[in-house]
Amino acid sequence: MGSKLGTAVVGMAVLVLTGCSVSSAPRNGVGENCTGTFELASNPQPLGSPARLEQTVRAKATAPGTVSLGALTAEAGWNDDWDRMVVVQSGMTRETMNSASGLAGYCWRGLPVFSSDDPFHYEYYVFIQGSAPKQAVPAIPSGKLFSNVRRGDVLRPDTLLESVPPAGARQSGYFVPAG
């Protein structure tokens, strides 16, 4: 065995024995040659307060009815500097996010990974205007603002949503796409 090949074999054995691995898997939404980067867990609030949006959704969802997503954000005191919201869920890839958002080549730091060991499935609502993400709003598994939406779904300001009032005293209301 040549010395270069022997060194490579020994190096691979060390990697395997120490638990390290060589992988070409994506780095949780980050890749090469990004046209822009957005951190999902960042806290800037250029559109408005996520807490106010949650309060508005919970209050409006207590009674049956239909409302647009834009009306919900406006009632929460948000500005209208967004034209679409992308639903990000555990296991979403950079490619899926770029396709859904219409932002080719973008990198998304903190895309939630899917793990069968994790009982929670994480979700973000990413608001975008034109060619720039504006704000991400995290949803906790027991308190999602919107349901019956899938990974990569895109909602617009004029998307109609139907309220689902709480079924019990310890539950929260939420909205589903109308139709």
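This text goes with the structure placed above it.
Residues numbered from 1 in each chain as written. Predicted model: local features only at pLDDT ≥ 70, side-chain atom pairs only at ≥ 80, totals over all residues. Heavy atoms only, no water.

Student: Describe in detail the packing of aromatic side chains, supporting the description with residues and values.
Tutor: For the structure on display, the rule yields five aromatic pairs. Here the aromatic rings of Phe38 and Trp108 are separated by 6.1 Å at their centres, their planes lie at 65°, and the arrangement is edge-to-face. Of this pair, Phe38 sits in strand β1 (residues 36-39) while Trp108 is found in strand β4 (residues 106-109), placing the two residues 70 residues apart along the sequence. Each member of the pair, Phe38 as well as Trp108, is classed as buried. (Phe/Tyr/Trp six-rings, centres within 6.5 Å; stacked < 30°, edge-to-face > 60°. Helix = DSSP H or I, 4+ residues; strand = E, 2+ residues; numbered from the N terminus. Buried < 20%, exposed > 50% of the residue type's maximum accessible area, 1.4 Å probe, protein only.)

Student: Could you give an account of unusual backbone geometry, naming the residues involved and the relevant values?
Tutor: Phi at Asn148 takes a positive value of approximately 60°, unusual for a residue other than glycine. Turning to its location among the elements, Asn148 is positioned in the loop between β6 (132-139) and β7 (154-155).

Student: Provide a residue-level description of the sheet that holds strand β8 (residues 160-164), including the pertinent values.
Tutor: Here we have three strands laid out as an open sheet, ordered β2-β8-β9, and antiparallel in their pairing. Each having just a single partner strand, β2 (66-68) and β9 (174-177) make up the two edges of the open sheet. On average, adjacent strands in this sheet sit at an angle of 45° to one another, irrespective of strand direction. Here β8 pairs with β9 via four bridges, running antiparallel. Bridging from a neighbouring strand, Ser163 pairs with Phe175 of β9. (Pairing = 2+ DSSP bridges. Axes fitted to C-alpha atoms, helices over the stretch in contact; angles between N-to-C directions.)

Student: Which residues make up the nonpolar core, and what values do they have?
Tutor: Grouped together as the largest cluster of nonpolar side chains are 22 residues, with contacts concentrated most on Met85, Tyr125, Phe127, Phe146 and Phe175. Put simply, the parts of the chain that give this core at least two residues each are α2 (50-60), α3 (69-75), β3 (84-89), β5 (123-129) and β6. Beyond its immediate chain neighbours, meaning those up to four positions away, Phe127 contacts Leu47, Leu53, Thr73, Trp78, Trp82, Arg84, Met85, Pro133, Lys134, Gln135 and Val137. The next biggest cluster of nonpolar side chains, apart from the first, holds 15 residues, and it includes Met97, Leu111, Tyr124 and Val126. (Core = buried A, V, L, I, M, F, W, Y, C linked by side-chain atoms within 4.5 Å. Contact = heavy atoms within 4.5 Å.)

Student: Got a sec to walk through the environment of Ala100? Specific residues and values, please.
Tutor: Take Ala100: it is sitting in helix α4 (residues 94-101). Not counting residues up to four positions away in its chain, the partners in contact with Ala100 are Val86, Met92, Gly152 and Val154.

Student: Tell me about the pattern of salt bridges, residues and numbers included.
Tutor: Where charged atoms from two side chains of opposite charge come close, those side chains can pair. Enumeration according to the criterion identifies six salt bridges in this entry. Across the pair Arg58 and Glu54 runs a salt bridge, and its minimum N-O distance is 3.6 Å. Of this pair, Arg58 and Glu54 both sit in helix α2, four residues apart, roughly one helical turn. Overall, the relative accessible area of 14% leaves Arg58 in the buried class. Owing to a relative accessible area of 35%, Glu54 belongs among the partly exposed residues under this scheme. Lys60 serves as the salt-bridge partner of Glu75, at 3.7 Å between the closest nitrogen and oxygen. (Salt bridge = Lys/Arg side-chain N within 4 Å of Asp/Glu carboxyl O.)

Student: Would you mind going over the sheet that holds β6 in detail, with residue names and values included?
Tutor: Sheet architecture is open: four strands sit in the order β6-β5-β3-β7, paired in antiparallel fashion. The strands lining the two open edges of the sheet, one partner per strand, are β6 and β7. Pairing geometry for β3 and β5, over six bridges, is antiparallel. By the bridge assignment for β5, Val88 is matched with Tyr124. Lying over the sheet, α4 contacts β3, β5 and β7, oriented at roughly 160° with respect to β3.

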